[in-house]
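Below are the chains, spelled out letter by letter.
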Amino acid sequence: MTVIPQNFDEWKHCITVQCGIPLTPSFVETRIKALEDEKDYRTRKFIETWGQAHHAKTLEWFREAATHFNQPGTATDTVQPVPKA
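**Concerning the layout of surface pockets**
Of the voids in this model, the largest pocket is the one considered here, and its volume is about 270 Å³. Looking at the lining of the largest pocket, the elements that each hand over two or more residues are α1 (8-18), α2 (25-36), α3 (41-50) and α4 (52-67). Tallied by class, the residues present in the lining of the largest pocket amount to 11 nonpolar, 2 polar and 1 charged.

**Remarks on the side chain of H54**
Residue position: H54 is located in helix α4. Apart from the residues within four sequence positions on either side, H54 is in contact with I4, P5, F46 and W61.

Each value, and the rule that gives it
Residues numbered from 1 in each chain as written. Predicted model: local features only at pLDDT ≥ 70, side-chain atom pairs only at ≥ 80, totals over all residues. Heavy atoms only, no water. 1 Å grid on protein atoms, 1.4 Å probe; cavity = no way out; pocket = protein on both sides within 12 Å on 5 of 7 lines; lining within 4 Å. Points joined across faces, edges and corners; volume = space filled by probe spheres on them. Helix = DSSP H or I, 4+ residues; strand = E, 2+ residues; numbered from the N terminus. Nonpolar A, V, L, I, M, F, W, Y, C, P; charged D, E, K, R; others polar. Contact = heavy atoms within 4.5 Å.

Don't take any of this as a statement about function, it's just geometry.
Here it is in structure tokens:
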């Protein structure tokens, strides 16, 4: 694996294992909002450091992570109420 993630799995490993940050719904939502705001200071610094292409990939990976919530069998399950019969 390279130092800079090249795909979703490498990115997820970097965030969850190397950095020890759980991909919770609130964390993912917060990061998506920040990365979508190119006026945000930290987003501008991210783009300045890593480039526009990596910013776009990272935003895409956060959006992909968001699609994993509420799906059984993923590391980011959330408990859903059991439907009444």
